[in-house]
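Structural characterization, general
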Amino acid sequence: MENGRYPETLRELVGKGLKEAQLKDPWKTDIVYRRPGEGGRDFDIISYGQDGKPGGDGNNADIGNW
C-alpha cells in the first residue's frame, strides 16, 4: 500500500516489514511469487509443498492463494 502497487518480487518487501526468512516455506524452499497471477488474479503466492514440485498430495500438495 505504501508504494501504490504490488511488488515485482517478494524481495522488495524485505526490510519493509518482511524478513528474509519469511520468503521460505516450512520446508525451507523459496515461496513462489508470480505477478500477474493465473486466472485473472493480480498475483499468486505458492508453496509447492515438501517435495518442492508442482502438484502432489498430503505434505507434497501445493499451497496457494487461489
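Everything below is about the structure shown above.
What you are looking at is a predicted structure, and each value in this text was computed from that prediction instead of being measured. (Residues numbered from 1 in each chain as written. Predicted model: local features only at pLDDT ≥ 70, side-chain atom pairs only at ≥ 80, totals over all residues. Heavy atoms only, no water.)

**Quick word on the environment of Ala21**
As for its position among the elements, Ala21 is in the segment before β1 (32-34). With 15 residues separating them in the primary sequence, Ala21 and Pro36 have C-alpha atoms 24 Å apart. (Helix = DSSP H or I, 4+ residues; strand = E, 2+ residues; numbered from the N terminus.)

**What about unusual backbone geometry?**
Cis rather than trans, the peptide bond between Arg35 and Pro36 has omega equal to 0°. Looking at the element boundaries, Pro36 is found in the loop between β1 and β2 (44-47). Not every positive phi belongs to a glycine, and Lys28 is a case in point at roughly 65°. Along the chain, Lys28 falls in the segment before β1.

**Focus on the pattern of salt bridges**
A complete count under the given rule lists 7 salt bridges for this structure. Arg34 is the partner of Asp44 in a salt bridge, and the nearest nitrogen-oxygen pair spans 3.3 Å. Placement of Asp44 in strand β2 and of Arg34 in strand β1 is noted, with a sequence separation of 10 residues between them. Here Asp44 falls in the buried class, since its relative accessible area comes to 0%. A relative accessible area of 28% places Arg34 in the partly exposed class. Where Arg41 meets Asp44, a salt bridge forms, and the shortest distance between an N and an O atom there is 2.5 Å. (Salt bridge = Lys/Arg side-chain N within 4 Å of Asp/Glu carboxyl O. Buried < 20%, exposed > 50% of the residue type's maximum accessible area, 1.4 Å probe, protein only.)

These figures capture arrangement, not role.
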